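Below are the chains, spelled out letter by letter.
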Amino acid sequence: MKFIRLLLTGILFMIALNIHAQYDKVWIFGRGSGLDFNSDPPVPVRSAIMSGEGCASVCDAEGRLLFYTEGSYVWNRNNDTMPNGRDLTGLWPAGRSATESSVQGTVIVPIPGNSHKYYIFSLSAWTSGPPPGTEGKLYYSIVDMNLNNGMGDVEPADKGRYLSATFTEEMTAVAGDHCNVWLIMHANDGHIRAYEINENGINPTPVESVFPNPTVAGQSIKIAPNRKKIVAVDVTLRLGDFNPATGQVSNVITIPDYVSLAYSAEFSPDNTKLYTYDFRADAIVQFDISSNDPATILNSKTIITPAGKNGNLYFKLGPDNKIYFQGQRYNTGNNNISLSRINLPNAAGTACQYQLNAISLLDGTSVNLGLPNVVPVIDRDTLLTRQSISAPPFATGYLVEVIDATGWGYTWNDGTTGTQKTVSSGGKYWVVYYTAPCVYHTDTFLVSFPCTLPEVETEASCRNEYTGKAWVHRNPGDTVSYRYTWRDSMRHVRSVSDTLQYVPPGRYTLQIETEQCDTTLTIVIPEADLRVSFTVDSIVCEGEEVAFKNNSENYFSRFVWYFGDGDSSSLTEPVHIYKHPGSYEVMLSGAGEVCKDTVSEIIVADPRLSVYFTKNRDSVCLGEPVTFSHKMDSETIKHLSWQMGDSNAFFSMDKRWAHAYDRPGAAYVRLLGIFRACPEDAFSDTVFVANLPEVDLGRDTSLCLNGTMLTLENRYSSLRSQRYLWSTGDTSETLQVVHPGTYSLKVTDMQLGCSHTEVVVVKKDCYLDVPNVFTPNGDGTNDYFFPKPLLAKGIVRFSMKIFNRQGQLLFETFRPDGRGWDGRYKGVDQPGGVYVYRIEVELRGRHVSEAYTGNVTLIR
């Protein structure tokens, strides 16, 4: 595929319907005044308008006046009020206008996509305007020129439609970059609101930009002819960048140290100069704004008129590229009877040729403060281009690209979109699209292919063989005489006919020559990816059937299997049995009409194994371990599963391990072997678990020193086959105890050899029972804290003291038969909590004191 960029130089014709100026050919303004630019110089005309400031008029494509308005009333070209053209805002129905004293109180916008309908936007004034509370409101109406016998009228259903409010008196409109119009409004919050108008109507949600204004009412705003700059004048002079594609205002600058107090400003046709009124000089001045630098712009200021020019001048660029404004006054009022102008506004300084009173108005007419607002017309240009293209010899296709990629809506004749299209055959191709502001393009390409490349077909070669083929397939009806030369990768000639055959896979070249064209193609003969394959379990069990699944491509029709054990088969999917364990290489060979292939795989046949284990004892006492052993070490085993005859079951490959039983009886042990390929196998054996002798010495007991001895004995009946052994060494069935201590008895079953030992603790009972909690709540239970004597011999001497946690003595008694502590100190209840006690006693006949110290908890 080659690439060609088609420069559209072969233009057959271009239609540029640049009729923007025609819509502005007749100006209507002031008190019954007007100016017709269909003549050079323009001539004054008479009208029915009565406007102090805001006004607008519009012509058709031939420059003939259609209608005009001051925002509240609409007159046709015969100076008659349209039948439905009174009080467009509804704010001042008593014959007065709510908009004519607004600086830019109205603007006329031709409706995009409709040749006979127009919007009239009406902006109520801030001063000398409508009743309080109705200032700065925006309305729109629609004029249909097909109504009233072609004289036009306001559509009743679309008259005085409210759009928004809180605006200054600054309003203008400008064509956008997408066949649309931007209505530019300056809001009194210092924002520019740009409403988009297109064939779908008015978007009520504006694009907002910050553009500060010093006063609420403002004066006027203007957009440069190239639609890239915006200016606002009042006390100061502010410039900003305007984007006609998005409606956004940015990079706003204020000219420093400059007090304007101007009413209006205007750009030169080449967008480099700006004209406005200078308050201090009392004259008209020119600024060079091309630098976009505030200080540089201020330094470029040039006075172009004598002093004494009043500041209330409205500047407007005419269709003749001259700037017009109010001329000399004829009285002390605001009415003027002439228009002055700047004849060469692109020129620098005084070379711009200021001309005082250049146009005199008709008797009885005058211009007050305003000239007509702009008419934002969408230039619907049509650009048609055509180019004939001859493709290079044997070209298989071209990528045609439209040079102008700044537009939108690129659509080719076949419905595809984008700025590029691949062309693979001769014929006519065209693409339509738009570019800014509204240019409709149709680019046509006449493409021809002088030499048609014949098709080359290939046939793959078998692997490691010379069966490849390639040949030229000529198109039907092709009578061209071709010469062919086939070469391999070493540049050796392999054929001079239209066919190359009996060659291995690889890269070849084909040179094709005709009387007009010559080209060399690269031809690749691929390797035929024809393979045999099969799937089978890689591990099988000896003596069992093994199924082979043939997954070879359908190309193969003959097969031979070699199983690796001396057997073979010609079946497509055989079944084979390996009679002996081992490793075998299985080979499958397949053959087709030309190609053949072989593949192999290793299969392992596992041996059949029997499971077996041994144990060190056939019978054990309860709790004694039994050791189990096995010699199963083959890699063919996946798991060994043990079931021990009790609640224990698990997997273990350990060669040797022990297990103890917790209940007597016969335990049936089973070992299950689970193999990776062969069937499972199991082995079982029995372990007898003998019970232990029964021994019970009773609960721990106590005795007093020098008291009656205790007799310890096994509470279970003794058997003749049992042997007794006490911890004292005594072997009798009973033991006489006179001292506290720990005693044990071991009973052995002489037949089974099983032993069981029981332990008992004998304590001395010559102590007190001291409670750890009491509740002195008067319920008769635990109301006092006092130890309970456990001795039969009695207490000779007794002492008990109670302390709080700070060590303060709260209670003391020496009476062993008293009631104890009632939880009070000096008659006052003590708080619940932990208290410390110390008790000392002496027992009768012992002459030794016993001391007890601890904590007791008082619960309230």
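Everything here concerns the structure above.
Only a predicted model underlies this, so the values are computations on that prediction, with no experimental measurement involved. (Residues numbered from 1 in each chain as written. Predicted model: local features only at pLDDT ≥ 70, side-chain atom pairs only at ≥ 80, totals over all residues. Heavy atoms only, no water.)

Trainee: Is there a simple way to think about the sheet that holds strand β1 (residues 26–29) in this case?
Mentor: Strand pairing in a sheet relies on backbone hydrogen bonds. The paired strands run either parallel or antiparallel. Within the open sheet, the three strands sit side by side as β1-β2-β3. Their pairing is antiparallel. Strands at the two margins of the open sheet, each flanked by one partner only, are β1 and β3 (43–50). Averaged over all pairs of adjacent strands, the angle between strand axes in this sheet comes to 25°, irrespective of strand direction. Note that β1 and strand β2 (residues 31–36) share four bridges and pair antiparallel. Bridge assignment links I28 to a residue of β2, and that residue is G34. (Pairing = 2+ DSSP bridges. Helix = DSSP H or I, 4+ residues; strand = E, 2+ residues; numbered from the N terminus. Axes fitted to C-alpha atoms, helices over the stretch in contact; angles between N-to-C directions.)

Trainee: Just checking my understanding: could you explain the pattern of salt bridges for this structure?
Mentor: Between side chains of opposite charge, pairing is possible as soon as their charged atoms come close. In the structure shown here, the tally under the stated rule is 28 salt bridges. Among the salt bridges present, the one from E266 reaches K222, with a minimum N-O distance of 3.2 Å. You can see E266 sitting in strand β21 (residues 265–267) and its partner K222 sitting in strand β17 (residues 220–223), a full 44 residues away along the chain. In this structure, E266 and K222 share a single accessibility class: buried. The shortest N-O distance in the salt bridge between D618 and K615 comes to 3.0 Å. By relative accessible area, D618 is classed as exposed at 54%. Connected through salt bridges with shared partners, the residues D60, E62 and R64 form a single ionic network. (Salt bridge = Lys/Arg side-chain N within 4 Å of Asp/Glu carboxyl O. Buried < 20%, exposed > 50% of the residue type's maximum accessible area, 1.4 Å probe, protein only.)

Trainee: What's the story with the side chain of S47 in this structure? I'm lost.
Mentor: Within the element layout of this structure, S47 appears in strand β3. Within the local environment of S47, its side chain forms a polar contact with the backbone oxygen of S33, the two atoms lying 2.9 Å apart. Among all residues touching S47, those that are not within four sequence positions of it are I28, G32, S33, Y68 and N79. (Polar contact = N/O pair within 3.5 Å; in protein donor to acceptor, adjacent residues only side chain to side chain. Contact = heavy atoms within 4.5 Å.)

Trainee: Sorry if this is basic, but what is going on with the state of the cysteines here?
Mentor: Covalent bonding between the sulfur atoms of two cysteines is what defines a disulfide. Applying the stated criterion across every chain yields a total of four disulfides. Here C179 is linked by a disulfide to C438, with a sulfur-sulfur distance of 2.1 Å. Where C179 bonds to C438 through sulfur, the torsion about that S-S bond is close to 95°, and the disulfide is right-handed. Placement of the pair is C179 in the loop between β12 (167–175) and β13 (181–187) and C438 in the loop between β33 (427–435) and β34 (439–448), with a sequence separation of 259 residues. The exposure classification of C179 matches that of C438, with both residues buried. Disulfide pairing places C621 opposite C754 at an S-S distance of 1.8 Å. Here C621 and C754 share a disulfide; its torsion about the S-S bond, -90°, makes the bridge left-handed. Here C754 lies in the loop between β63 (741–749) and β64 (755–764) and C621 lies in strand β52 (residues 619–621), a separation of 133 residues in the sequence. A relative accessible area of 1% places C754 in the buried class. We note that C55 lacks a disulfide partner, and the nearest cysteine sulfur, in C59, lies 13 Å from it. (Disulfide = S-S within 2.5 Å.)

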